[in-house]
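# Breakdown of the fold
Spelled out, the chains give:
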Amino acid sequence: MDTEHGIHDADNLEAARGPGWLYDETRPCGVNYNNALLARHYDSHHQSFRDYRKEAEDIVARLDVGPSATVIDMGCGTGAFALHAAGHYRTVHAVDVSPAMLRRAQRKADKMGLKNIEFHRGGFLTYEHRAEPADAISTVFALHHLPDFWKLVALRRLAWMLRPNGRLFLFDVVFSFDIGEYEQSIERFIGKTREQMGENGRDESETHVREEYSTCDWIMEGLLEKAGFSIQTADYRDGFLASHLCMKRGQ
Ligand SMILES: C[S@@+](CC[C@H](N)C(=O)[O-])C[C@H]1O[C@@H](n2cnc3c(N)ncnc32)[C@H](O)[C@@H]1O
């Protein structure tokens, strides 16, 4: 436990980094979310083109689990979903590999007087869920930090954390454009983020395409199925954004 900030971390990461072949998810790829300055400005930056409340309300409606639910927000960042979710569910486990992002989220939760969020420093590959099986998991703009094989491992681990028929909501940058037009499509994506977020947005989206691990729609669907989920809805937007609502298949 990081006692200063009330964040659980002794049971993962350094303590359980695992075998030498395990992908090191603590090492940033692309945008460096371990950077305290970036974490400080994350919300003002993202809220210039996102409506956290609307997004969170939409996720709550789609997960459709009741107020007694235990919910995990994987890659919670500064708490865009987790803080809102705390008003809807009994317990929220907010998990992220970045101490800087978690600290921002924790500080915001303290200010809001939220008592039912547990913060965990960990990630898709290292977080050990020791509480009761979750009713639902949400993960937004985070899975693309892992290469495809590790996405599959990550999704299997999420399935293990869920109760039978538990729900997964996955939102991420996923490529669904026509591969014959990939150059124009990527330019369009970068142009759009520049319009929304200025020059920073352009740098970020260029870095995203060059260094991060967004995958194709058909690969993402295969990964979800292989990991033990049935896909209930798959929505693709603008060739770049995707949301998948899934249910853990019964055993
Ligand atoms: C673009 S932010 C999204 C944060 C938040 N979900 C949101 O909607 O604003 C990506 C987050 O994923 C986290 N992240 C990166 N790799 C991760 C991993 N392997 N496991 C969990 N979180 C990870 C980063 O630290 C960062 O906080």
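Look above for the structure.
Reference entry: report on the structure contained in this document.

A few words now on helix H6 (residues 182-211). Between its first and last C-alpha atoms H6 spans 16 Å; for 30 residues at 1.5 Å apiece the expected length is 44 Å, and the helix comes up short by more than 12%. Its axis deflected by about 145 degrees at Met197, H6 carries its strongest bend there. Ser185, Ile186, Phe189, Ile190, Thr193, Met197, Gly201, Ser205, Thr207 and His208 are the residues of H6 that are buried. Buried residues in H6 make contact with helix H1 (36-46) and strand S6 (162-173).

What follows is about a positive patch on the surface. Taken together, Arg40, Arg103, Arg107 and Lys111 make up a surface patch of like positive charges. When residues of the positive patch are assigned to their parent elements, the largest contribution, three residues, is made by helix H4 (residues 99-112). By the secondary structure assignment, Arg107 is in helix H4. Accessibility expressed as a relative area gives 45% for Arg107, which makes it partly exposed.

What follows deals with the pairing of strand S8 (residues 241-248). Summarising burial for S8: eight of the eight residues are buried, a large majority. Judged by which residues are buried, S8 turns out to be covered on both faces: Leu241, Ser243, Leu245 and Met247 on one side and Ala242, His244, Cys246 and Lys248 on the other are all buried. Two elements, strand S7 (residues 229-237) and S8, share eight bridges in a ladder whose sense is antiparallel. Note on S8: the bridge partner recorded for Tyr236 is Ala242. Linking S7 to S8, which pair antiparallel, is a turn of three residues; within it Asp238 sits at a positive phi near 60 degrees.

Conventions adopted
- Residues numbered from 1 in each chain as written.
- Predicted model: local features only at pLDDT ≥ 70, side-chain atom pairs only at ≥ 80, totals over all residues.
- Heavy atoms only, no water.
- Helix = DSSP H or I, 4+ residues; strand = E, 2+ residues; numbered from the N terminus.
- Expected span 1.5 Å × (residues − 1).
- Bend = angle between axes of the 7 residues up to and from the residue.
- Buried < 20%, exposed > 50% of the residue type's maximum accessible area, 1.4 Å probe, protein only.
- Contact = heavy atoms within 4.5 Å.
- Patch = residues over 30% accessible without salt bridge, like charges linked within 9 Å, V, L, I, M, F, W, Y side chains within 5 Å.
- Areas by Shrake-Rupley, 256 points an atom, 1.4 Å probe, with all protein chains shown as cover.
- Salt bridge = Lys/Arg side-chain N within 4 Å of Asp/Glu carboxyl O.
- Lys, Arg positive; Asp, Glu negative; His and termini not counted.
- Charge placed at Lys NZ, Arg CZ, Asp CG, Glu CD.
- Pairing = 2+ DSSP bridges.

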